[in-house]
Amino acid sequence: MFKGFHHIGLYVKDSARSLKFYEEGFGGKVTMSFGPDDHKIYMVELAPGAVVELIPHDTVEDANSPWAHIALHTDNCKADFDRAVAAGAKVKSEPAEHDWMTNAFVIGPDGESIEFFQTEK
């Protein structure tokens with residue numbers, strides 16, 4: 001079952017510049033970061049329930065839009081992934097467990113990238 005949106009992924013050309021912009025311009029707070037220092041990804045909470053994920057542009061091949069994906073917060077990543085695929089979504093990545101979350105990606109009918117994001121195991 002979906003709990004709402006978790007975050008929106010945004011491709012950025014200069015992580016330090018974008019991080020400063022979202023921190024100073026919107027009062028955002030980094031809630032987590034991951035990846036190597038030269039390609040660090042930041043999760044920046046702008047308000048409760050409003051998170052933007054800053055993704056370095058050169059780490060992805062399909063960055064033809066500034067918006068990378070929309071992430072739906074779910075309590076059952078696998079079930080929601082399976083339901084979307086059954087409805088015609090194309091598989092981008094199967095459900096995978098990580099240290100602090102489980103996620104999967106599908107492509108919708110108009111090419112939109114959708115992430116299923118589960119924080120509780």
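Summary of the structure given here. The structure presented is a predicted model; accordingly, all values stated were derived computationally and were not measured. (Residues numbered from 1 in each chain as written. Predicted model: local features only at pLDDT ≥ 70, side-chain atom pairs only at ≥ 80, totals over all residues. Heavy atoms only, no water.)

1. Here's the deal with the pattern of salt bridges
Part 1 of the reasoning: Under the criterion given, the structure shown has 3 salt bridges.
Part 2 of the reasoning: For the salt bridge of Lys78 with Asp82, the shortest nitrogen-to-oxygen distance reads 2.9 Å. With Lys78 and Asp82 both in helix H2 (residues 77-86) and 4 residues apart, this pair spans about one turn of that helix.
Part 3 of the reasoning: Judged by its relative accessible area of 45%, Lys78 falls in the partly exposed class.
Part 4 of the reasoning: Residue classification places Asp82 among the partly exposed positions, given a relative accessible area of 34%.
Part 5 of the reasoning: Asp80 serves as the salt-bridge partner of Arg83, at 3.2 Å between the closest nitrogen and oxygen. (Salt bridge = Lys/Arg side-chain N within 4 Å of Asp/Glu carboxyl O. Helix = DSSP H or I, 4+ residues; strand = E, 2+ residues; numbered from the N terminus. Buried < 20%, exposed > 50% of the residue type's maximum accessible area, 1.4 Å probe, protein only.)

2. Points about the pairing of strand E3 (residues 41-47)
A regular strand places its side chains so that they alternate between the two faces of the sheet.
Part 1 of the reasoning: Where strand E2 (residues 29-34) meets E3, 5 bridges bridge the pair, whose relative direction is antiparallel. The partner of Phe34 across the bridge, within E3, is Ile41.
Part 2 of the reasoning: Hairpin connection from E2 to E3: 6 residues lie between these consecutive antiparallel strands, with Gly35 at a positive phi of about 100 degrees.
Part 3 of the reasoning: Relative to strand E4 (residues 50-56), E3 runs antiparallel, the two sharing 5 bridges. From the neighbouring strand, Tyr42 faces E4, where its bridge partner is Leu54.
Part 4 of the reasoning: In this structure, the hairpin formed by E3 and E4 is closed by a connection of 2 residues, where Gly49 is found at a positive phi of approximately 80 degrees. (Pairing = 2+ DSSP bridges.)

3. Things to note about H2
Part 1 of the reasoning: Inspection of H2 places Cys77, Asp80, Phe81 and Ala84 among the buried residues, and these make up the whole buried set. Taken around the axis of H2, the buried residues stretch over an arc of 100 degrees, which confines them to a single face.
Part 2 of the reasoning: Among the structural elements, strand E1 (2-12), strand E5 (67-74), strand E6 (90-97), strand E7 (102-107) and strand E8 (113-118) are those in contact with the buried residues of H2.
Part 3 of the reasoning: Following H2 by one or two positions, Gly88 has its phi on the positive side, about 115 degrees. (Arc of directions from axis to C-beta. Contact = heavy atoms within 4.5 Å.)

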